[in-house]
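Structure assessment
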Amino acid sequence: MCGIVGFTSIQKQAAPILLDGLSKLEYRGYDSAGIAVRDGEKETEIVKAKGKLSELSQKTDEGRAVRGTCGIGHTRWATHGEPSETNAHPHSSDDGEVVGVHNGIIENYKEITERLIRHGYSFKTQTDTEVAIKLVDYYLKKYGSPAEAITRAMLRIRGSYALALMFKSCPGEIWAARKDSPLIIGVSGQDSFIASDVPAILKYTRTVYYIDNLEFAKLTPGNVTFYNIEGEEIEKESVTIEWDTEAAEKGGFEHFMLKEIHEQPTAVRDTLNSVIKDNRIDLSAAGIDDELLKEISRISIVACGSAWHVGVAAQYVIEDLARVPVRVELASEFRYRDPILEEKELVIIISQSGETADSLAALREAKGRGIRTLGIVNVVGSSIAREADNVLYTLAGPEIAVATTKAYSAQLAASYALAVALGRARGLIDDEKYAALIQDMLSIPEKIEKILSDKERIQWFASKFAGARDVFFIGRGIDYAICLEGSLKMKEISYIHSEAYAAGELKHGTISLIEDGILVIGVLTQQGLYEKTVSNLVEVKSRGAYLMGLTTYGHYAIEDTVDFNIYVPKIDEHFAASLAVVPLQLMGYYISIARGLDVDKPRNLAKSVTVE
Ligand code: AGP
């Protein structure tokens, strides 16, 4: 996510304080940064730099070279437009009347852009932020006041935003507006602060105000006024922050991994909203249309680790919905085995970082043979994103914990959209099924939230197995794909040996490892395979295994077989992985914690494996 800071004072220089605040938001991940500072009535000075905050600090002599007591600053995590100095915030209207920074995703920025172009506006950047700033400017010129301009813009914009704005006609003032992306305000003496998150201002004040959705505020030195969407002044209660800085960076969660598990509903929602418009799937942002979808003869999904697990799940979904043959390949194998590829094949590279060496090499292998490539990537402007013929971005935001959770879930969501669009383009999904599939996809975030509300039960069960030596995950079909991810989570953060097995395969040898008390987790979300997997659970139970069942509400008979069960909400079975994976992520997380391990930075692991 991007980071926003703002500061206005009677006499203190703003730039050094802005840079200090941005440095406290670096943990959020970013690719460029910038500040805009105004010295009284003088023109606003804007300084931006691609790369690390140190670049910006160097350009401004740690802020000392930028005069003025009122300013805003921003660290950018690119979602629309490459990481670059041009695309970095702050952005301004062409006449400098409005200057601003933004955190969030403007879903209808294209239609707003077209409307502003009709009114004579032009655009220098590829960002949705410039559109938002110029929309405010458009309304300011039409209605005259910042409050009216902000209100109108808030009513026009669809999506999420935290905006911090400065107006030429209002020296010393900072205006802020919010929908879904957090914004907090602090006042200390003659100084007023705004920030995306608490760490940026904790050094100056622990008394903060939270702007709620569709509210906006005006900051002057030492004072803040809040307004509702109607432009009426409202009173806000202040909150005292008890957290220390480290806790604040994690949003009050104990670890980044737990925070990111809880960010999954938003990551999935943002990713789906980027490809579902008015209940129709639109992959045009990835350069994909029905003609392309119709001509694909076969798909190879190539990835590593959890991204490869997404591919295993996606294979079942795509083949079932679109009847296109799908092969799932480990990138480290694909790149060396002289793969046989068809002329009309699509090679899909799934990668959170977009920099995984094996996946990048696989992409280049396919491209070298003239095969079309699609990247499903989380980092805008990463190598895989730049080199793939088409790129479908996941909008999970920066993922700090080494063990992926929200990026994995966002990748699943992107793969569902692709599968449904493929099936629809090939005439295999009628209107009724199309609407139902989209409805179920859009229900994923709220169903994840329901699972998270029950996490204490999972925590209790996990703590009973902190001393486990081996854990087995078994399932069939998509349930097997879920097991793969659950097992990897267990291994990489709790260091307990674990195996994921296709339930029907266990008896071909590995069942000899089952002994008294060994935990076997059965995943049973696929109705047609439910009884088969139950019989496999009975097989291992008769050999002493301790059974946990993970199935959907309604399958209460599972309690006759297993020793502990977890239910997840019902959903179209194609999308079950998005729900069933959450309890397994939590299992791994709580066992790791119970074992006193560094869950965010597990031993031997890197967030992005950029070497072979
Ligand atoms: C998953 O928790 C691991 N961090 C790892 O398996 C990861 O999924 C894999 O290295 C692929 O990374 P990528 O998605 O950035 O390409």
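This structure is a prediction, so every number in the text was calculated from the model and none was measured. Residue positions are counted from 1 within each chain, in the order its sequence is given. Totals for whole chains, interfaces and linings use every residue, but because this is a predicted model, local features are given only for residues with pLDDT of at least 70 and side-chain atom pairs only at 80 or more, for both listing and counting. Calculated side-chain values reflect all of the structure's heavy atoms, with hydrogen atoms and water omitted.

What follows concerns the overall build of the protein chain. By definition, any uninterrupted DSSP run of H or I lasting at least four residues is a helix, any uninterrupted run of E lasting at least two residues is a strand, and each is numbered from the N terminus. In terms of helices and strands, the protein chain carries 20 helices and 27 strands. Along the first, second and third principal axes, the C-alpha atoms of the protein chain reach 80 × 55 × 45 Å. When each of the 612 residues of the protein chain is scored for burial, the buried share is 61%. Whether two residues touch is decided by their heavy atoms; if any such pair falls within 4.5 Å, the residues are in contact. Pairs at least 24 apart in sequence give 70% of the contacts found in the protein chain among residues at least 6 apart. Roughly 22,900 Å² of accessible area belongs to the protein chain as shown, and the carbon and sulfur atoms make up 47% of that amount. Working convention for charge: Lys and Arg count positive, Asp and Glu count negative, and His plus the chain ends are omitted. One atom stands in for each charge, and that atom is NZ of Lys, CZ of Arg, CG of Asp or CD of Glu. Taking the 68 positively charged and 87 negatively charged side chains of the protein chain as two groups, their mean positions are separated by 2 Å. Here's how the labels work: a residue is buried when its accessible area is under 20% of the maximum for its type, exposed when over 50%, partly exposed in between, all with a 1.4 Å probe on protein chains only. For every accessible area listed, the method is Shrake-Rupley and the probe measures 1.4 Å; residues are considered covered only by the protein chains on display.

Strand order in the open sheet formed by five strands is β19-β18-β20-β21-β22, and the pairing between neighbours is parallel. Because the sheet does not close on itself, it has two edges, and the strands there are β19 (326-330) and β22 (390-393). Each neighbouring strand pair of the sheet contributes to a mean axis angle of 20°, computed without reference to strand direction. One bridge is not enough; two strands pair if DSSP finds at least two bridges between them. Two elements, strand β21 (residues 372-377) and β22, share four bridges in a ladder whose sense is parallel. Each axis is a line fitted through C-alpha atoms, and for a helix only the stretch in contact is used; angles between axes span 0 to 180 degrees, taken between their N-to-C directions.

Turning to the pattern of salt bridges, a few remarks are in order. Salt bridges, as used here, are contacts in which a Lys or Arg side-chain nitrogen is within 4 Å of a carboxyl oxygen on Asp or Glu. Here the structure, examined in full by the defined rule, presents 36 salt bridges. A salt bridge links E148 to R152; the shortest N-O distance between them is 2.7 Å. Taken together, the residues E148 and R152, both in helix α5 (residues 146-156) and four residues apart, mark about one turn of the helix. Note that K367 is salt-bridged to D389, the shortest N-O span being 4.0 Å. Placement of K367 in helix α12 (residues 357-368) and of D389 in the loop between α13 (383-387) and β22 is noted, with a sequence separation of 22 residues between them. Connected via shared salt-bridge partners are R298, R327, E329, R337 and E345.

Once that is clear, we can look at the packing of aromatic side chains. Stacked, tilted and edge-to-face are the three classes assigned to paired rings of Phe, Tyr and Trp, where Trp is represented by its six-membered ring and a pair needs centres within 6.5 Å; plane angles under 30 degrees give stacked, over 60 edge-to-face, the rest tilted. According to the stated counting rule, one finds 20 aromatic pairs in the structure shown. Ring geometry for F461 and F465: centres 5.0 Å apart, planes at 45°, overall tilted. Across the pair, exposure class does not vary: F461 and F465 are buried alike. With a centroid separation of 5.1 Å and an interplanar angle of 70°, the aromatic rings of Y589 and Y590 are classed as edge-to-face.

So, about the site of the ligand. Taken together, 14 residues form the shell around the ligand, and within it S351, Q352, S353, T356 and E492 come nearest. Between the ligand and the protein, one listed contact pairs an oxygen atom with a side-chain N or O atom of S353 at 2.7 Å. Within 3.5 Å is the distance limit for a polar contact, defined as a pair of N or O atoms, with the added protein rule that one can donate a hydrogen and the other accept it, and that residues adjacent in sequence qualify only through two side-chain atoms. K489 places a polar side-chain atom, nitrogen or oxygen, 3.0 Å from an oxygen atom of the ligand. Protein chains shield 90% of the accessible area of the ligand, which is 410 Å² for the free molecule. For the shell around the ligand, the secondary structure elements donating two or more residues are α10 (305-322) and α18 (478-494). Of the residues belonging to the shell around the ligand, the class tally is five nonpolar, seven polar and two charged. Summary of the distance rule: residues count as near a molecule or strand when at least one heavy atom falls within 4 Å of that molecule or strand. Any residue that is not Ala, Val, Leu, Ile, Met, Phe, Trp, Tyr, Cys, Pro, Asp, Glu, Lys or Arg is counted as polar, Gly included; the first ten are nonpolar and the last four charged.

For the bond from H89 to P90, the omega torsion is 5°, close enough to zero to count as cis. In this model, D180 sits at a positive phi of 75°, which is unusual for a non-glycine residue. For D180, a relative accessible area of 42% corresponds to the partly exposed category. Phi is positive for Y495, close to 65°, though the residue is something other than glycine. Secondary-structure assignment places Y495 in the loop between α18 and β24 (497-502).

Attention now moves to the side chain of S196. Along the polypeptide, S196 turns up in the loop between β10 (191-195) and β11 (207-210). From its side chain, S196 meets the backbone nitrogen of I4 in a polar contact 2.6 Å long.

As a further point, take the nonpolar core. Residues I35, I299, I318 and M587 are the most contacted members of the largest nonpolar core, which totals 127 residues. Per-element accounting of this core gives the leading share, 12 residues, to helix α14 (residues 406-425). Excluding its chain neighbours within four sequence positions, the residues that come into contact with I299 are I318, V324, P325, V326, R327, E345, L346, I348 and L422. Residues belong to a common nonpolar core when they are buried Ala, Val, Leu, Ile, Met, Phe, Trp, Tyr or Cys residues joined through side-chain atoms within 4.5 Å.

The next subject is the sheet that holds strand β23 (residues 470-475). On the basis of which strands lie adjacent, the open sheet formed by five strands has the order β24-β23-β25-β26-β27 and parallel pairing. The open sheet has two edge strands, β24 and β27 (564-568), and neither has a second partner. Taken pair by pair, the neighbouring strands of this sheet meet at an average axis angle of 15°, ignoring direction. Sheet analysis places β23 next to strand β25 (residues 519-524), joined by four bridges and oriented parallel. Pairing of F472 across the sheet is with V520, part of β25. Contacts from helix α19 (residues 530-541) reach β23, β25 and β26 (546-552) within the one sheet, and its direction differs from that of β25 by about 170°.

Our working definition of a disulfide is a cysteine sulfur pair at a distance within 2.5 Å. Under the criterion given, the structure shown has zero disulfides. Free of any disulfide, C70 has its nearest neighbouring cysteine sulfur in C170, separated by 10 Å.

Counting buried positions over the six residues of strand β8 (residues 174-179) gives five, a clear majority of the element. Two elements, strand β7 (residues 159-167) and β8, share four bridges in a ladder whose sense is antiparallel. From the neighbouring strand, A164 faces β8, where its bridge partner is A176. Counting the residues that bridge the hairpin from β7 to β8 gives six residues, and of these G172 lies at a positive phi of roughly 85°. Where β8 and strand β12 (residues 215-220) come together, five bridges link them in antiparallel fashion. The residue bridging A176 from the neighbouring strand is A217, located in β12.

The next point concerns α18. For α18, which comprises 17 residues, the first-to-last C-alpha distance of 24 Å matches the rise-based estimate of 24 Å (1.5 Å per residue) to within 8%. Most of α18 sits out of view: 14 of its 17 residues are buried. Once α18 ends, the next one or two residues include Y495, with phi positive near 65°. For a helix, the expected span equals 1.5 Å multiplied by the residue count minus one.

Here α19 contains 12 residues, and its C-alpha end-to-end distance of 16 Å stays within 8% of the 16 Å for a straight helix at 1.5 Å per residue. Here α19 has its buried residues at Y530, T533, V534, N536, L537 and V540. Mapping the buried residues of α19 onto a view down its axis gives an arc of 160°, with all of them on the same face. Set apart from the buried face of α19 by more than 90 degrees, the exposed residues are E531 and K532. The inward-facing, buried residues of α19 contact β23, β25 and β26. Note that the arc is computed from the directions linking the helix axis to the C-beta atoms.

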